[in-house]
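Report on the structure
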Amino acid sequence: MKFITIKLLDYCHYIFFIIFTIIGLFIYQDYGFNIDETFTRKSGLYWLIFLSDFFSFDEISKIASEKLNTSDDFTIPWSNTYGIIFDVPAALIEIIFSIDKPLKVYQMRHVLTFIYFLVGLIFLYKILLNRFNGKLLSIFGCFLLILTPRLFGEIFHNSKDIVFLSLFIITIFFYFKTLEKGNYKYLILFSLFSAFTTSTRIFGIIIPVIFLFIYFLSVLSNKKEIKNFKTIIIYLLLYFFFLYLHWPYLWEAPFNNFFEYIENLNIFGPKMIYFLGEYYNTELVPYSYLPIWIFISTPILNLVLFFLGFYTNSKIFLLKLFKVDEIKNKYDFWNNINEKKDFFILILFIVFIIAGIFLSPKQYNGWRIFYFLNFFIVYYSIFFISYFAKNKKFKKYIIPCSAVIFFLISINIYKIFIYHPYQSYYFNEFITKKVKGQFEGDYSGLSGISFLREITKEDKSSSIKIAVNSWYPLWRMKELLPYKDKSRIKFIFNNKNEAKYIYSNEIFDVDARKSEKYKLDPSFKIYKRYIVDDIIIYKIFIKK
């Protein structure tokens, strides 16, 4: 029996990842389609054509060009500045496997997004195992990540923020390995993935900055560390080389295009958001925006463990700071490699939080742009559990604390179940039904395809006239329906009163309380509401 238990422990991580993969492949078709997916698909096709022409892959270029001509219709200016790490492979797969039906194209992209996340999850396990040296603890950290409902709801359709999260995790892993091994293999991989994170989200540029900062601290503590200056130079040269090499947008004018990309970040996304019962310009949101969103939409278990872990870890380094003149160790802030890893994570987290609150050009769609912060939430959660388990004075509390954790994990699982497939819009138990109505719901437009499928199933008319009473471009979803259904749908754009049904996910680009833009004629009455956990996902109005 003991032998079987040991073997199960040896293979438990394989079992965990296999089960999670099966679940993902079983449910990926349940999810709707993100408002950005047409946008990012066009970006992939655009750069695939560029690369195909550059390398003389004429047939691929021809097919991609034909597809690009059908990829249009945007509510915001289209831009070719995005990185290519996800979009070009997705476009290439679409062409190689001759995936022509729109529904199949986007489902393929959902599977690919899930695979990227799965790879990131595996590297998260490797990071936690590397730092805390416990398989079950590392698996639990992965559980905390995937049982974060908002994140779980994004892992199939959010090909920007989920891909960035995965690349970010992989980059941190190779930083850890660079610290430990100090060889060129890991340094090259660290610089490569640092470049990937930067092209995917500009926040990635903070990683090399903090890497430099930690090095200068090392030199201040120990002059002998100056010998590692060569490593820093190699890293920076490789980082800029890889950034230029894999990001075609930089090829023509690297510096000008890079700074132009940064300057144009505020053109993306909506102009107006609904937050705490008020409408805000997305460039003028209050500083409390990001902290409040994190606080109300992260599971309570994750928040509690994170705060305990962050407090415990910060306290260690603060004590070192106050006693810096008394410390006789080799370094002022860390005694060993593990503490240096923790210090890197601490500084990185603080800088990201400050940048997110005070320096981000725009805030919108909840806090999905900052979903990579979930890595820090998990890291500090596991830090605290490891600290707690090793501290003898806490041993008598292990069983009751484990029971509480099990209970809270069960709540997370239940919430993922009841929100399905709208986990992206989860709120925790800290806020009431009334307060939930003071935040945006279906900002990604995931409900659009569900509405169209529902209405074509219920209404057998030869012509179904539909109007949209929100900022969401519902008409993009029409192409994903079977021909017999989409041929019956007619969208009304100019005069909503001609429609039989009006759809609204209540995402507006103006203050809907003051503007007349989204006022409906009294002849339209509520037909249905789709509500999940007191959150209105969408409404259907019908003309009486």
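Here the structure is shown first, and the text comes after it.
Note that the structure is a prediction, hence the values are computed from the model and not measured.

**Description of the overall build of the protein**
When you go through the protein residue by residue, the secondary structure sums to 20 helices and seven strands. The C-alpha radius of gyration of the protein comes to 25 Å, within 12% of the 24 Å expected for a compact globule of 544 residues. Looking at the protein as a whole, 56% of its 544 residues qualify as buried. Within the protein, counting contacts between residues at least 6 apart in sequence, those at least 24 apart form 77% of the total. Summed over all atoms, the accessible surface of the protein reaches about 25000 Å², with 65% contributed by carbon and sulfur.

**A few points about the nonpolar core**
With 176 residues, the main nonpolar core has Phe-375 and Phe-376 as its most contacted residues. Examining the composition of this core, we find that 14 residues originate from one element, helix α8 (residues 161-181), more than from any other. Leave out the neighbours within four places in its chain, and Phe-375 touches Leu-124, Ile-127, Leu-165, Phe-168, Ile-169, Ile-172 and Ile-345. The next biggest cluster of nonpolar side chains, apart from the first, holds six residues, and it includes Ala-499, Ile-502, Phe-524 and Phe-541.

**Observations regarding the sheet that holds strand β3 (residues 464-468)**
The strand order β4-β3-β5-β7-β6 describes an open sheet built from five strands, whose pairing is mixed. Pairing within the sheet leaves two strands with one partner each, and these edge strands are β4 (489-491) and β6 (524-532). For this sheet the average axis-to-axis angle between neighbouring strands, irrespective of direction, equals 25°. Against the sheet, helix α19 (residues 448-458) touches β3, β4, β5 (501-504), β6 and β7 (535-543), its axis set at about 35° to β7.

**Structural notes on the pattern of salt bridges**
What the rule picks out here adds up to 22 salt bridges. The residue Lys-177 makes a salt bridge to Glu-180 at a minimum N-O spacing of 3.6 Å. Here the residue Lys-177 and the residue Glu-180 both occupy positions in helix α8, the gap between them amounting to three residues, near one helical turn. Lys-177 gets classed as buried once you look at its relative accessible area, which sits at 13%. According to the relative accessible area criterion, Glu-180 is partly exposed, its value standing at 33%. A salt bridge links Lys-415 to Asp-533; the nearest nitrogen and oxygen atoms lie 3.1 Å apart. Here Lys-415, found in helix α17 (residues 398-419), pairs with Asp-533, found in the loop between β6 and β7; they are 118 residues apart in sequence, far enough to count as distant. Look at the salt bridges and you will find they share partners, linking Asp-36, Asp-161, Arg-201 and Arg-368 into a network.

**Details of helix α5 (residues 102-132)**
Its 31 residues give α5 an end-to-end C-alpha distance of 45 Å, which sits within 8% of 45 Å, the value for a rise of 1.5 Å per residue. When you tally the buried positions in α5, you get 22 out of 31 residues, the bulk of the element. Trailing α5 by a residue or two, Asn-133 shows a phi angle of about 55°, which is positive.

**Remarks on the packing of helix α2 (residues 37-54) against helix α3 (residues 58-68)**
Put simply, α2 and α3 touch, their axes get as near as 9 Å, and they point 155° apart. Between α2 and α3, the crossing angle belongs to the class labelled roughly antiparallel. As for the relative orientation of α2 and α3, their crossing is left-handed in sense. Only Ile-60, Ser-61, Ala-64, Ser-65, Lys-67 and Leu-68 of α3 make contact with α2, whose side of the interface consists of Arg-41, Lys-42, Leu-45, Tyr-46, Leu-48, Ile-49, Ser-52 and Asp-53.

**Digging into α19**
Along α19, the residues classified as buried are Gly-448, Ile-449, Phe-451, Leu-452, Ile-455 and Thr-456. Viewed along the axis of α19, the buried residues span an arc of 160°, placing them on a single side of the element. Contact partners of the buried residues in α19: β3, α20 (483-486), β4, β5, β6 and β7.

**Notes on the side chain of Arg-201**
Here Arg-201 lies in the loop between α9 (184-200) and α10 (206-221). At 2.7 Å, the side chain of Arg-201 forms a polar contact with the side chain of Asp-161. Not counting the four nearest positions on each side in its chain, Arg-201 is found in contact with Lys-160, Asp-161, Phe-164, Arg-368 and Ile-369.

**Focus: a negative patch on the surface**
A surface patch of negative charge is lined by Asp-53, Asp-58, Glu-59 and Glu-66. Of all the elements, α3 adds the most residues to the negative patch, at three residues. Turning to its location among the elements, Asp-58 is positioned in helix α3.

Criteria and thresholds
- Residues numbered from 1 in each chain as written.
- Predicted model: local features only at pLDDT ≥ 70, side-chain atom pairs only at ≥ 80, totals over all residues.
- Heavy atoms only, no water.
- Helix = DSSP H or I, 4+ residues; strand = E, 2+ residues; numbered from the N terminus.
- Rg over C-alpha atoms; globule rule 2.2 N^0.38 Å.
- Buried < 20%, exposed > 50% of the residue type's maximum accessible area, 1.4 Å probe, protein only.
- Contact = heavy atoms within 4.5 Å.
- Areas by Shrake-Rupley, 256 points an atom, 1.4 Å probe, with all protein chains shown as cover.
- Core = buried A, V, L, I, M, F, W, Y, C linked by side-chain atoms within 4.5 Å.
- Pairing = 2+ DSSP bridges.
- Axes fitted to C-alpha atoms, helices over the stretch in contact; angles between N-to-C directions.
- Salt bridge = Lys/Arg side-chain N within 4 Å of Asp/Glu carboxyl O.
- Expected span 1.5 Å × (residues − 1).
- Parallel < 35°, antiparallel > 145°, perpendicular 65-115°, else oblique.
- Left-handed = near helix turned anticlockwise from the far one by under 90°.
- Arc of directions from axis to C-beta.
- Polar contact = N/O pair within 3.5 Å; in protein donor to acceptor, adjacent residues only side chain to side chain.
- Patch = residues over 30% accessible without salt bridge, like charges linked within 9 Å, V, L, I, M, F, W, Y side chains within 5 Å.
- Lys, Arg positive; Asp, Glu negative; His and termini not counted.
- Charge placed at Lys NZ, Arg CZ, Asp CG, Glu CD.

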